[in-house]
Amino acid sequence: AVPHKWTFYFLMAVGFWNFLGAGMFGFFINLPIISYYEVGTQMTPTHGHAALMGVFGMLAIALMVFVLRQTSSDERWPGIEKYIKVAFWGTNLGLLMMVGFSLFPSGVLQIWDVVQNGYWHARSLDYIGSPRSLVIEWMRLPGDLVFIIFGAVPLLIAAVKGYGGVRETAKRGGATG
């Protein structure tokens, strides 16, 4: 078995989100004709969420998983690894749901409104408070819940279990420096 399998998985997620969030969405919002119409619309948070969490967040989690594996014994690791596995899928699917169900569709529709009615309208309460806009805004909730419940919470449990194992080893006098 590969001891740092989940570290590599999170590093692969960095590559995916770097391509999608920083690459595709970053390129899209920086095209001059798009940028002219989209500054201040939901396309910016689409890029921001996918690029920042997807790249730097997944990189930080990869480091966390690496440290957890290095500081956990082979006997304790399977009890921690099951939470890491859930967290990998929870963070990635949750982020994908946030972007796919809410941020990107709302950004595209808002840009369309800018083209049709002007920038002022797309930033006004007439648009932002419209039923369509509010429904798409609420469509972000499932992704947020998946991200929190199946991503952040399992990572927290894994960290606590890992810390508990280090403390237990230190109390038995197994810590070496």
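Here, residues in each chain are numbered from 1, in the same order as that chain's written sequence. Given that the model is predicted, a residue must reach a pLDDT of at least 70 before its local features are reported, and side-chain atom pairs must reach 80 or more before they are shown or counted; all residues, however, enter totals for whole chains, interfaces and linings. Computation of side-chain values: all heavy atoms of the structure, hydrogens and water removed.

*Asks:* What am I meant to see in the nonpolar core here?
*Replies:* Generally speaking, nonpolar side chains in soluble globular proteins are found buried as a group. Think of a nonpolar core as a cluster: buried Ala, Val, Leu, Ile, Met, Phe, Trp, Tyr and Cys residues, connected wherever their side-chain atoms sit within 4.5 Å. Burial here depends on accessible area, computed with a 1.4 Å probe over protein chains only, as a share of the maximum for the residue type. Under 20% is buried, over 50% is exposed, and the range in between is partly exposed. Residues Phe10, Trp17, Met58, Ile61, Val65, Trp77 and Ile84 are the most contacted members of the largest nonpolar core, which totals 26 residues. Counting residues per element, the ones that place at least two in this core are helix H1 (5-30), helix H3 (43-71), helix H4 (77-117) and helix H8 (140-171). Note on contacts: a residue pair qualifies if any of its non-hydrogen atoms lie within 4.5 Å across the two residues. Among all residues touching Val65, those that are not within four sequence positions of it are Trp6, Thr7, Phe10, Trp77 and Ile84. Strands here are runs of E lasting at least two residues and helices are runs of H or I lasting at least four, both read from the DSSP assignment and numbered beginning at the N terminus.

*Asks:* Help me understand the pattern of salt bridges, please; the structure alone is not making it clear to me.
*Replies:* Between side chains of opposite charge, a pair can form when the charged atoms approach closely. One speaks of a salt bridge when a side-chain nitrogen belonging to Lys or Arg is within 4 Å of a carboxyl oxygen belonging to Asp or Glu. Applying the stated rule across the entire model yields two salt bridges. The closest approach of N and O atoms between Arg69 and Asp74, which form a salt bridge, is 2.7 Å. By relative accessible area, which is 13% here, Arg69 ends up buried. Judged by its relative accessible area of 56%, Asp74 falls in the exposed class. Ionic pairing is found between Arg140 and Asp144, a salt bridge with its closest N-O pair at 3.0 Å. Taken together, the positions of Arg140 and Asp144, both in helix H8 and four residues apart, correspond to about one turn of that helix. Judged by its relative accessible area of 23%, Arg140 is partly exposed. A relative accessible area of 21% means that Asp144 is categorised as partly exposed.

*Asks:* Sorry, what's going on with the side chain of His121 here?
*Replies:* Among the structural elements, His121 can be located in helix H5 (residues 119-122). A distance of 2.6 Å separates the side chain of His121 from the side chain of Asp113, its partner in a polar contact. Residues in contact with His121, not counting those within four places in the same chain, are Asp113, Asp126 and Tyr127. Polar contact is defined as a pair of N or O atoms within 3.5 Å, subject to the rule that within protein one atom must be able to donate a hydrogen and the other to accept it, and that residues adjacent in sequence are counted only when both atoms are side-chain atoms.

*Asks:* Honestly, the packing of H4 against helix H7 (residues 131-138) in this entry has me stumped. Any pointers?
*Replies:* The relative placement of two packed helices comes down to the angle between their axes together with the axis-to-axis distance. As a rule, the C-alpha atoms of each element are fitted with a line to give its axis, helices using only the stretch in contact, and angles between N-to-C directions run from 0 to 180 degrees. The N-to-C vectors of H4 and H7 enclose an angle of 155°; their axes lie 8 Å apart at closest approach. With respect to their mutual orientation, H4 and H7 come out roughly antiparallel. Contacts from Phe101, Ser102, Ser106 and Leu109 of H4 reach H7 at Arg132, Ile136 and Glu137. Residue classes in the contact of H4 with H7 are distributed as three nonpolar, two polar and two charged. With respect to orientation, any angle under 35 degrees is reported as roughly parallel, any angle over 145 as roughly antiparallel, any angle of 65 to 115 as roughly perpendicular, and every other angle as oblique. Polarity classes work like this: nonpolar for Ala, Val, Leu, Ile, Met, Phe, Trp, Tyr, Cys and Pro, charged for Asp, Glu, Lys and Arg, and polar for all others, with Gly in that last group.

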